[in-house]
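Given next are the chains, with one letter for each unit.
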Amino acid sequence: MHDKTGQTTRDGIRIYGAADFGGMRAAGRVAAEILDGVATLVKPGATTAAIDDCIREEIARRGVVSATIGYKGYKHASCISVNHVVCHGIPGSKILTDGDILNIDVTVIVDGWFGDTSRMYVAGTLGRKAARLIDVTHEGLMRGIAAVKPGNTFGDIGHAIQSYVEANRMSVVRDFCGHGLGRVFHAPPNVLHYGRPGAGPVLEEGMFFTIEPMVNLGRPETKVLADDWTAVTRDKSLSAQFEHSVGVTATGCEIFTLSPAGRFHPTWG
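Values in this document were obtained by computation on a predicted structure and should not be read as measured data. As a convention, each chain's residues are numbered from 1 in the sequence order in which they are written. Totals for whole chains, interfaces and linings use every residue, but because this is a predicted model, local features are given only for residues with pLDDT of at least 70 and side-chain atom pairs only at 80 or more, for both listing and counting. As a convention, hydrogens and water are excluded, and side-chain values are obtained from all of the structure's heavy atoms.

A. Representation of helix α3 (residues 128-146). Helix and strand assignments come from DSSP, with helices taken as H or I runs of at least 4 residues and strands as E runs of at least 2, each series counted from the N terminus. For a helix, the expected span equals 1.5 Å multiplied by the number of residues minus one. Over its 19 residues, α3 runs 27 Å from end to end, which matches the ideal 27 Å to within 8%, given 1.5 Å per residue. Only protein chains enter the area calculation, which uses a 1.4 Å probe; residues under 20% of their type maximum are buried, those over 50% are exposed, and those in between are partly exposed. For α3, every residue scored as buried is listed here: A130, A131, L133, I134, V136, T137, H138, G140, L141, G144 and I145.

See the structure below:
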């Protein structure tokens, strides 16, 4: 590990040390394990509130803290975004029906470190168009992660995602992005899921951030509903999202939120 530990770059991005990777690894694993356990709850007839209640109970059982309960007045342990909801869907009385796709996003605090991850689920039978959207979104995330290494830029990450998604005739949401994290929930940089190669801050060993592309079957535009949280596609097209928390290493990156059960994609496991 370099000698910049604890410093910030001119872009305000904190550089973490080798020991800090252990904290992020532990927090990311807890978040991923919680999402692994959610898979059996997602089925036709279930409500998003019931799923969130189970997530809240599991967080309490593990003796860790939800980062979202109380965050800017938010009252839930997860965001659950169904079908054309892009992100920040509020759990409630909505009953899932066969073929619904949903993103579940959880952030926990473990010994002061934030573990932030989301993944897609399907209630019942996965439709053909939804399956393709989910596959493209997941592959877009993994291509973005593959661009993470010292000397590359955040523009390289965004370009890797955007070029793949648009080649598949889908669109990348521009209104929301990934973010730095560590001992705080949100910090510099903003991690855009589109961009030009070589643009933006240069990646350095010890940077921690999320990559969380949102991909729409239709156009990229979104709107936020009157609850000030729920973002939906303007054209009502389906949307999908996957999110990992990563740390830049000397040779590439470490993914902190890998699924221990191999369930990160809804057709796995």
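B. Examining the side chain of D36 more closely. Position of D36 relative to the elements: it lies in helix α1 (residues 18-38). There is a polar contact of 2.7 Å between the side chain of D36 and the side chain of R119. Any two residues whose heavy atoms approach within 4.5 Å are treated as being in contact. Beyond its immediate sequence surroundings of up to four residues, D36 is in contact with R119, S259, P260, A261 and R263. Side-chain atoms alone can form a polar contact between residues adjacent in sequence; in general such a contact is a pair of N or O atoms within 3.5 Å, and within protein one must be able to donate a hydrogen while the other accepts it.

C. A look at the sheet that holds strand β10 (residues 214-216). One open sheet accounts for 3 strands, arranged β6-β10-β13; its pairing is antiparallel. The open sheet is flanked by β6 (171-172) and β13 (239-241), the only strands paired with a single partner. For two strands to be treated as a pair, DSSP must find at least two bridges joining them. Sheet analysis places β10 next to β13, joined by 3 bridges and oriented antiparallel. For M214, the partnering residue across the bridge sits in β13 and is Q241. Fitted lines through C-alpha atoms serve as axes, helices being fitted only where they are in contact, and the angles separating the N-to-C directions of these axes extend from 0 to 180 degrees. The sheet contacts of α3 involve β10 and β13, and relative to β13 the element is tilted by about 35 degrees.

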